[in-house]
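These are the residues of each chain, in order.
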Amino acid sequence: MKLIKVAGCASGTCPTIYRVVASCESGGGNCPTVYEGDNGTLIVQGATVDPADAGIDVPAGEQLVKIPASLLRDYLAAAEA
C-alpha cells in the first residue's frame, strides 16, 4: 500500500496521518479521501450529510459523510497490496 504522509499540523502533538486513496488525482484535499492514522484508525473525508435528512440519530461529536462506494473498494484493494 502506498501511503502519502499528510504535512502540516497546528500543534506539535498531531498524529501521523497518511492519505491512502482519493477519488481524484489532485491530491489537494478537495475530493473524497480515505486517510489512515498511525494508531490504526481511518479518517474519511467526504461531503457532510444532515442526519435529519438521512433519518439517522448521530451522537454529539460525530458526523455523517458520503463517499463514492468505489473509494472504499479502492482502499480495501490498497490495504491488501
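How each quantity is defined
Residues numbered from 1 in each chain as written. Predicted model: local features only at pLDDT ≥ 70, side-chain atom pairs only at ≥ 80, totals over all residues. Heavy atoms only, no water. Helix = DSSP H or I, 4+ residues; strand = E, 2+ residues; numbered from the N terminus. Buried < 20%, exposed > 50% of the residue type's maximum accessible area, 1.4 Å probe, protein only. Contact = heavy atoms within 4.5 Å. Areas by Shrake-Rupley, 256 points an atom, 1.4 Å probe, with all protein chains shown as cover. Core = buried A, V, L, I, M, F, W, Y, C linked by side-chain atoms within 4.5 Å. Expected span 1.5 Å × (residues − 1).

### Focus on the overall build of the protein
Then step 1. Within the protein, the secondary structure is distributed over two helices and six strands.
Then step 2. Order of helices (α) and strands (β) in the protein, N terminus to C terminus: β-β-β-β-β-α-β-α.
Then step 3. Within the span of the protein, comprising 81 residues, buried residues form 17% of the whole.
Then step 4. A sequence separation of at least 24 residues applies to 24% of the contacts in the protein between residues at least 6 apart.
Then step 5. Accessible surface, the protein: about 5700 Å² in total, of which carbon and sulfur atoms supply 52%.

### Remarks on the nonpolar core
Then step 1. In this structure, Val 20, Val 21, Val 34, Leu 71, Tyr 75 and Ala 78 together form the largest nonpolar core, which totals six residues.
Then step 2. Secondary-structure elements contributing two or more residues to this core are strand E2 (17–22) and helix H2 (69–80).
Then step 3. By residue number, the principal contributor to this core is H2, which donates three residues.
Then step 4. Among residues more than four places away in sequence, those in contact with Leu 71 are Val 21, Ala 22, Ser 23, Pro 32, Thr 33 and Val 34.

### A few points about H2
Then step 1. The first and last C-alpha atoms of H2 sit 17 Å apart over twelve residues, in line with the 16 Å expected at 1.5 Å per residue.
Then step 2. Residues of H2 that are buried in the fold lie against E2, strand E3 (33–37) and strand E4 (42–45).

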